[in-house]
Amino acid sequence: MNIKTELDVNLKNADADTVQNLKQTIVKPTKKRTSVKAKNTTDHNVQIPSHVYDTIVVGAGISGIAAAVKLNKVGYDNYIVIEKADRVGGAWRENTYPGCGCDVPSALYSFSFAPSYKWSHLFAKQPEILSYLEEVVDQFDLKQKIEFNNELINAKWDEAKHIWQLETQKGAYQAKTVIFSTGPITEPSMPKLKGIETFKGEMFHSARWNHDYDLTAKKIAVIGTGASAIQFVPQIQPLASELFIFQRTAPWVLPKPDFPLGEKGKLLVQKIPAIQQKWRGAVASSLNIINFGLRNPKVLEPVNFLSRKLLSWQIPDLQLRKNVTPNFSIGCKRLLFANNYYPALQADNTHLIPYGLVEVEGNTVIAANGERHDVDVIIWGTGFEVSHPPIGKRVSNAQGQLLADLWKNSSPEAFLGTSIEGVPNAFLVLGPNILVYDSFIGIAEAQLDYIASALVKMKSLKFIRFEIKKEVVRKHNFKLQKQLQTTVFNSGGCKSYYLDAHGRNFAAWPWSLAKLKQQLKEMNLQHYDIVH
């Protein structure tokens, strides 16, 4: 049966989506595909073409975009990026709450291969970052490689064929390798509270902001005082009739050295690219100093003292100052930066409740100290599921075990945050124990250099299977956890999202960023079991 006859036969029984998929595939005759059953069709006998890719990248956020650029750079062409949404951006697409922005200066929170002169402020806001990511996709002509509206359902390793079998929203795919670039902050964390189902008002998470709901003159309860809350609270405070902020733990909030760059400033950066290079280097050096302090808490003691003194100037009210003064060392939790958060707390319509929310009774929210307030809307600023990465619910290891099941009683481990034991021919970007106080983009780029080197070696040396050695993972994580004990993350006296339920730090990298980048410079084959 020739291609046209096969298409005519399949079109008779297929639904609209499958018809479109078939047409799109037929116009790409360069890719030879085997046939697999289509998903979401009215006739289960309908066949759609398949193809074995060298690599499939899952997710088109900052990591997925960087992955595509790196793959193109090393001459990899037989790959695709699958993205669940209809546009790129990842966390910067999903988080659209008022005031959303980056807490790393724009010069560094941008790709090394795509500097931009368009930043309006030293610290970019969400709309600008999202526009920047879309511009990078256009600049490097990546859209042809991205399949939008194509969510990963599950990924399973086929040991007999040494390939990954991926089931997605649009059907089945096969790949020799997979890069999971779904990021660490994708799934909102929603606490399970007694009586939450009885609430009759509006309720949403900051990462799923309801822009259609008018907050004007409403009684608003904000749950949490983390990185998102300190940005949106100042924006909604002027709108509220009353604003109740439930604070389980007071965070350190330091002044944000932000300022507008202006049109003249942007024009200057455009004309003299060296300015941005120097700016990027200066920011990186400043963050290296901060990271040194996080690894050596004694260095931070003067900073703790000065930060407490600063609070006495920022908040004259003694009781409020007491309530917002952290009881742990600076840096133990994520450092937060804002200039308008403390003024919003001191507004007449704002009430800081220094306790967590424990129960909901109709439209009454109840704090741990028994305090009760009637509200119209609850906004969750409760962060994300980070100790149990959501991608684990969709990926099985070589033994057919779901990663989420293996991680349910602990947090995940990896080698250099990239390779997971028992998961061959696969990489995780921004995985366990790779975070330093720096740009996520810079860390992802370093990892992708490592990943690209692995894929180049796989092709040139013609091996078909690689898997990180168990002893390499064990040794790496033993040294890592030992080193973390003396860092501020583990010894600073707080319980942060860096720590899992057992107190194990699954997030932070305990050494310098330079050491991380050096170890990620190139894949060492001696760390892996190789099959030719």
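All values reported here derive from a predicted model rather than from experimental measurement. (Residues numbered from 1 in each chain as written. Predicted model: local features only at pLDDT ≥ 70, side-chain atom pairs only at ≥ 80, totals over all residues. Heavy atoms only, no water.)

Q: Just to check I follow, could you spell out the overall build of the protein chain for this structure?
A: Looking only at helices and strands, the protein chain has 16 helices and 21 strands in total. What you see for the protein chain is a C-alpha radius of gyration of 25 Å, in line with the 24 Å of a compact globule of 532 residues. Taking the principal axes of its C-alpha atoms as reference, the protein chain extends roughly 80 × 55 × 50 Å. Looking at the protein chain as a whole, 52% of its 532 residues are labelled buried. Look at the contacts in the protein chain between residues 6 or more apart in sequence, and 69% of them connect residues 24 or more apart. Side-chain charges of the protein chain comprise 62 positive and 49 negative groups, with the mean position of each set lying 6 Å from the other. (Helix = DSSP H or I, 4+ residues; strand = E, 2+ residues; numbered from the N terminus. Rg over C-alpha atoms; globule rule 2.2 N^0.38 Å. Buried < 20%, exposed > 50% of the residue type's maximum accessible area, 1.4 Å probe, protein only. Contact = heavy atoms within 4.5 Å. Lys, Arg positive; Asp, Glu negative; His and termini not counted. Charge placed at Lys NZ, Arg CZ, Asp CG, Glu CD.)

Q: Where do I start with the state of the cysteines in this structure?
A: Defined simply, a disulfide is a covalent bond joining two cysteines at their sulfur atoms. Applying the stated rule across the entire model yields one disulfide. Between the sulfur atoms of C332 and its disulfide partner C494 the distance amounts to 2.0 Å. Between C332 and C494, the S-S dihedral sits near -95°, and the bridge is therefore left-handed. Placement of the pair is C332 in the loop between α10 (318-324) and β13 (336-337) and C494 in the loop between α15 (488-491) and α16 (513-519), with a sequence separation of 162 residues. Across the pair, C494 and C332 agree in class, each one buried. The structure places no disulfide on C100, whose sulfur is separated from the nearest cysteine sulfur, that of C102, by 9.1 Å. The exposure class assigned to C100 is buried, which follows from its relative accessible area of 5%. Given the relative accessible area of 4%, C102 is considered buried. (Disulfide = S-S within 2.5 Å.)

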